[in-house]
Amino acid sequence: MARADPSPEPATETASSDTAQWRLRYHVGDLEHYTEWTADFPSIENYYDQYHHGDHAHDVAIERRAVIET
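Each residue is numbered by its place in its chain's sequence as written, counting from 1. Note on the predicted model: pLDDT of at least 70 is required for a residue's local features to be given, and 80 or more for side-chain atom pairs to be given and counted; whole-chain, interface and lining totals, by contrast, use all residues. Only hydrogens and water are set aside when side-chain values are computed; all heavy atoms of the structure are taken into account.

### Describing the overall build of the protein
For helices the rule is a DSSP run of H or I covering at least 4 residues; for strands it is a run of E covering at least 2, with both sets numbered from the N terminus onward. Scanning the protein from N- to C-terminus turns up one helix and three strands. Each residue's exposure class comes from its accessible area (1.4 Å probe, protein chains only) as a fraction of the maximum for that residue type: buried when under 20%, exposed when over 50%, partly exposed otherwise. For the protein, the residues scored as buried account for 19% of the 70 residues in total. Throughout, a residue-residue contact means that at least one pair of heavy atoms, one from each residue, lies within 4.5 Å. Taking the intrachain contacts of the protein between residues at least 6 apart in sequence as the baseline, contacts between residues at least 24 apart amount to 51%. In short, Shrake-Rupley with a 1.4 Å probe defines the accessible areas, and a residue's cover is counted only from the protein chains shown. Within the structure as shown, the protein displays about 5900 Å² of accessible surface, and the carbon and sulfur contribution to it stands at 47%.

Encoded structure:
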């Protein structure tokens, strides 16, 4: 997300190590789409079933956010 004024601390989008986060990736035509990251896996699984069996989307996949600690 773009900000008008830079914040003093760098913004990161990492998941906590306690909670796995998931999103759905799918294509409609040549465009790739993503849902928001969420810890609510049953919702993502429901979307997967709907999009996978639907007529419009293809290459439907569930992605898990990985946390890499250095």
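After that view of the structure, there is still more to cover.
### Some details on the nonpolar core
Among buried residues, those of type Ala, Val, Leu, Ile, Met, Phe, Trp, Tyr and Cys that are joined through side-chain atoms within 4.5 Å constitute a nonpolar core. Membership of the largest hydrophobic core is limited to five residues, which are Leu24, Tyr26, Ile44, Ala57 and Val60. Looking at this core, the elements with two or more residues in it are strand S1 (22-28) and strand S3 (57-64). If near-sequence neighbours (up to four positions away) are discounted, alanine 57 is found in contact with Tyr26, His27, Val28 and Tyr51.

### Looking at the environment of serine 43
Locating serine 43 in the fold gives a position in helix H1 (residues 41-53). What makes serine 43 partly exposed here is its relative accessible area of 29%. Considered as a pair, serine 43 and leucine 24 are 19 residues apart in the sequence and their alpha carbons are 9.9 Å apart. Distance and chemistry together define a polar contact, namely a pair of N or O atoms within 3.5 Å, with one atom able to donate a hydrogen and the other to accept it when in protein, and with adjacent residues in sequence counting only for side-chain atoms on both sides. Here aspartate 40 takes part through its side chain, which lies 2.4 Å from a polar atom of the side chain of serine 43.

### Some remarks on the pattern of salt bridges
Note on definitions: salt bridges are taken to be side-chain nitrogens of Lys or Arg within 4 Å of carboxyl oxygens of Asp or Glu. Scanning the model with the defined rule gives two salt bridges in all. Taking the shortest distance from any N to any O, the salt bridge between glutamate 63 and arginine 23 comes out at 2.8 Å. Of this pair, glutamate 63 sits in strand S3 while arginine 23 sits in strand S1, and the two are 40 residues apart along the sequence. Of the two residues, glutamate 63 and arginine 23, both sit in the buried class. Within the structure, one salt-bridge network assembled from shared partners comprises Arg23, Arg25 and Glu63.

### Observations regarding the sheet that holds S1
Here, a strand pair is defined by DSSP locating no fewer than two bridges between the strands. Read across the open sheet, the three strands follow the order S2-S1-S3; overall the sheet is antiparallel. If you trace the sheet from one side to the other, it starts and ends with strand S2 (31-34) and S3, each paired once. Across the sheet, the mean angle from the axis of one strand to that of its neighbour is 20 degrees, orientation sign disregarded. The pairing of S1 with S3 spans six bridges and is classified as antiparallel. Within the sheet, the bridge partner assigned to arginine 23 lies in S3 and is glutamate 63. Orientation is described by axes fitted as lines to C-alpha atoms, over the contacting stretch for helices, and by angles from 0 to 180 degrees between their N-to-C directions. Sitting on the sheet, H1 touches S1 and S3, and the angle it makes with S3 is about 165 degrees.

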